[in-house]
Amino acid sequence: MIDFSSTLPGLSGLPSADPVASGRLSVAALLDHLQHALVVLDVEGRVVGHNHCAREMLELPLTLLQKQPLIDDVVRWQIKRGDLRGDAQRLVERVWYHLRRVQETGQPHIYTYTTAGGRTLQGTTIAVPGGGWVRTYVDVTRHAQAANFLRESEERFRSLTELSADWYWEWDAEGRYTRLEGRLIRETSTAEMFLGRCAWDVPALNRPTAREWRPLIEAFEQRRVFRRFEIQRRLQDGRVVWFSISGMPVYDAQGRFAGYRGVGRDVTRRKADQATIERLAFYDSLTGLYNRRSFQDKLTQAQAASARSGQWAALCFIDLDNFKDINDAFGHGVGDQLLQTVAKRLREAVREEDTIARLGGDEFVVLLEDLDREEEQAAWRAQHVAEKIRVALERPVTVDGHEVQSTPSIGITVFRGRSDAVEDILGRADLAMYHSKAAGRNAVRFFDPAMQEAVLARATLQRELRHGLRDGELRLYGQPIVDDKAQVVGYEALLRWQHPLRGMVSPAEFIPVAEQSGLILPMGQWVLRQACAHLAAWARDPQRTHWTMAVNLSARQLRQPDFVQSVQTALAETGANPSRLKLELTESLLLHDVEDTIVKMAALSAMGVQFALDDFGTGYSSLAYLKRLPLDQLKIDRTFVRDILDDPNDAAIARTILQLANSLELSVVAEGVETVAQFETLRAMGCRLFQGYHFGRPTAL
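A short tour of the structure in this document, coming up. (Residues numbered from 1 in each chain as written. Predicted model: local features only at pLDDT ≥ 70, side-chain atom pairs only at ≥ 80, totals over all residues. Heavy atoms only, no water.)

Looking now at unusual backbone geometry. At Ala486, a position not held by glycine, the phi torsion is positive, near 65°. Mapped onto the secondary structure, Ala486 falls in the loop between strand S20 (474–483) and strand S21 (488–499). Of note, Glu665 is a non-glycine position whose phi angle comes to about 60°, a positive value. Following the sequence through the fold, Glu665 ends up in the loop between helix H24 (648–663) and strand S27 (667–670). (Helix = DSSP H or I, 4+ residues; strand = E, 2+ residues; numbered from the N terminus.)

See the structure below:
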């Protein structure tokens, strides 16, 4: 063993190498017990000291070390044994470079190499005060092997994810993505969309609802494994893909929840295949409409929905007239294109929620749901849609330069609930379709003759009403509105129809038809203009200049985008004073799009137009909305006035309405006043405006 105390000036203060000195181990003995190799170099780079571990770990012969060789010889020996690889002279120069560098900077130099025996050593060179160096070596073979194993494992994992369509992901304890790896992730730059965000916070296609996300969120909150959760995404390159993810919770060494890890997969192709299978199974391949099988399922579902809602539904059975002749004359290619055009026109003619199917050949069906709770009204609506379909399909079609036309024969049956079998409903509609063909084709017929008669009567009334509007058969009547002294202060405009053959037609008969057909819009505008014209005329008469004119509004009128402009136009064209015009709304109008109604009312109120709420107390007005509406007047419905003398409840309601109106600074008109007693009772309650047969019946203005 070499005596370290005599080798280097920096070590001169160490005890001798005697194994026992004053009961203590010598420095040399202590160093021999180290698990690290230690080699001391003097200022010339000679090996002047080493411990036992150095000979074993570096596998250097003792004879070499006893000669106190230069570091050059040690390097060459290691090259010869294969511990170091490369040009000897260059390696020696590198060693001396690092030795000098350590001497100059005072910073240790750390390096690693593998011996010929396969051990991995980590060496450290430090400068010794006074000159020379100490080099230590640690056997890090185990650590190197573990690191190599981890590196190889990571490389295997990465190579698999690169080759696979799947990818790997991790979430933190908050559900945020912290890691995403895989070929698809890299190729599409998808990681940018997800990292640092929860899956349910990343925008997905068609904005999935909270209900659709709920299974994934619940699994996360309950720390459950989830499998094959699917969601549709639009990638940054514009592609739309379906992703499926599966994951399991992860816990740290202390058992604390640390997040999730799992795999993802692109299932776009599988989804497309499923869609193809579904299309083949449930849709007609030529037109893309439902086929007979799927339509029967839809019809069954419609029966169940009808049973729950109480709404009537209808089935329209459509057969193309002379379709066989077109096929024979022009070929099946032209016939197929005609059928595709028919399908397109059917989609355009009905609502998006209505169901259309091709049963086969030239037979189509249309299912109309939620028509009405009243059978006759539902039948009327079904007939209106069927007529719209007939007009759409009777138009000629140009195919490959040939103009072809195949008019439709349409049969209708209405149903509600599950009392009828699906085949019975189809059979009735089919039979009605044959009645249509028997009637001359290109027609619409109902299965029930009585229903057919009622629908035809209503269709006739609609046609005649349209002609009446065109030919000036409408008349404006008015019923007086009086004050508490029974003096006339204005009129309510009432529409009447003087039919050339039927005579005076009741509004209860033609107003619903006008509402359904849309004729209420031109009729309402006609009434508005006539009312304004009378206001302008009254303004020139000192006895009537203060009179007002009340005009009832329909829901269709109020919902028109140009409603405000239409009122402004009527006032401007007639020169009527806006403050004398009073527009009456019913409470039912306030059930839909209240905000839009308030905006329109405010615009007209700013001009001076007044607003009254008709039939107050019979609907469902919210007092919150009532406070916001720019109202001037409430009208007590006639149902409360009729029994006001005999029914304490009606009297209490009338009194409450008057008190409420007084609090809101609104005037009140009592409708349906027919007796002196009713008039006196209401006047005693504080009512100041009245309307009813007691003061005058409607007369022509």
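On to the pairing of strand S13 (residues 312–320). Burial within S13 is extensive, with nine of its nine residues counted as buried. Every second residue of S13 is oriented toward a common face, with Trp312, Ala314, Cys316, Ile318 and Leu320 on one face and Ala313, Leu315, Phe317 and Asp319 on the other, all of them buried. Bridge analysis of S13 against strand S15 (residues 363–372) gives seven bridges, and the strand direction is antiparallel. Its bridge partner being in S15, Phe317 is matched across the sheet by Val365. (Buried < 20%, exposed > 50% of the residue type's maximum accessible area, 1.4 Å probe, protein only. Pairing = 2+ DSSP bridges.)

This paragraph deals with the sheet that holds strand S4 (residues 47–50). What the five strands build is an open sheet, ordered S4-S3-S7-S6-S5; its pairing is antiparallel. Bordering the open sheet on either side are S4 and strand S5 (109–114), each of which pairs with just one other strand. For this sheet, the mean angle separating the axes of adjacent strands, direction not counted, is 20°. Bridging between S5 and strand S6 (residues 120–127) involves six bridges; their strand directions are antiparallel. From the neighbouring strand, Thr112 faces S6, where its bridge partner is Gln122. (Axes fitted to C-alpha atoms, helices over the stretch in contact; angles between N-to-C directions.)

Looking now at the nonpolar core. When a protein is soluble and globular, its nonpolar side chains tend to lie buried together. Formed by 68 residues in total, the largest nonpolar core has its most connected members in Leu581, Leu583, Leu631, Leu634, Leu682 and Phe690. Counting residues per element, this core draws most heavily on helix H18 (residues 520–538), at eight residues. Filtering out sequence-adjacent residues up to four positions away, Leu581 remains in contact with Leu528, Cys532, Leu535, Met549, Val551, Val567, Leu571, Val609 and Gln610. Counting residues in hydrophobic clusters, the runner-up holds 37 residues, among them Phe364, Ala386, Val444 and Phe446. (Core = buried A, V, L, I, M, F, W, Y, C linked by side-chain atoms within 4.5 Å. Contact = heavy atoms within 4.5 Å.)

What follows is about the pattern of salt bridges. Summed over all chains, the structure comprises 31 salt bridges. Salt-bridge contacts for Glu221 lead to Arg214; the nearest nitrogen and oxygen are separated by 3.1 Å. Here the residues in one salt-bridge network are Glu492, Glu584, Lys635 and Glu671, joined through shared partners. (Salt bridge = Lys/Arg side-chain N within 4 Å of Asp/Glu carboxyl O.)

Turning our eyes to something else, we now look at the packing of aromatic side chains. In this structure the tally under the stated criterion is 27 aromatic pairs. One aromatic cluster is present, built from ring pairs that chain together Trp169, Trp171, Tyr177, Phe194, Trp200, Phe220, Phe226, Tyr251, Phe257 and Tyr260. Looking at Arg223, its charged tip hangs above the ring of Phe220, at a distance of 5.5 Å from the centre. (Phe/Tyr/Trp six-rings, centres within 6.5 Å; stacked < 30°, edge-to-face > 60°. Lys NZ or Arg CZ within 6 Å of the ring centre and 35° of its normal.)

A few words now on the sheet that holds strand S18 (residues 408–415). Across the sheet, which stays open at both edges, the five strands sit in the order S14-S15-S13-S18-S19 with mixed pairing between neighbours. Since the sheet does not close on itself, it has two edges, and those belong to strand S14 (355–360) and strand S19 (444–446), each with one partner. Taking each pair of neighbouring strands and ignoring which way they run, the sheet shows an average axis angle of 25°. Where S18 meets S19, three bridges bridge the pair, whose relative direction is parallel.

With that settled, the discussion passes to the packing of helix H13 (residues 332–349) against helix H14 (residues 375–393). Relative placement of two packed helices is described by the angle separating their axes and the distance separating the axes. As a packed pair, H13 and H14 sit with axes 10 Å apart at the nearest point and diverge in direction by 145°. Handedness of the crossing formed by H13 with H14: right-handed. Residue-level contacts link Val342, Arg345, Leu346 and Ala349 of H13 to Lys388, Ile389, Ala392 and Leu393 of H14. Split into classes, the residues belonging to the contact of H13 with H14 amount to six nonpolar, no polar and two charged. (Left-handed = near helix turned anticlockwise from the far one by under 90°. Nonpolar A, V, L, I, M, F, W, Y, C, P; charged D, E, K, R; others polar.)

Counting buried positions along S21 yields nine of 12 residues, so the element is predominantly enclosed. Of the strand pairs in this sheet, S20 and S21 are connected by nine bridges, and their pairing is antiparallel. Residue pairing for S21: Leu474 is matched across the bridge by Trp497. The hairpin formed by S20 and S21 contains four residues between the paired strands, and Ala486 there has a positive phi angle of roughly 65°. Two elements, S21 and strand S23 (residues 548–552), share three bridges in a ladder whose sense is parallel. Note that in S23 the partner of Gly490 across the bridge is Thr548. The pairing of S21 with strand S22 (residues 503–505) spans three bridges and is antiparallel. Opposite Trp497, over in S22, you have Val505 as the bridge partner.

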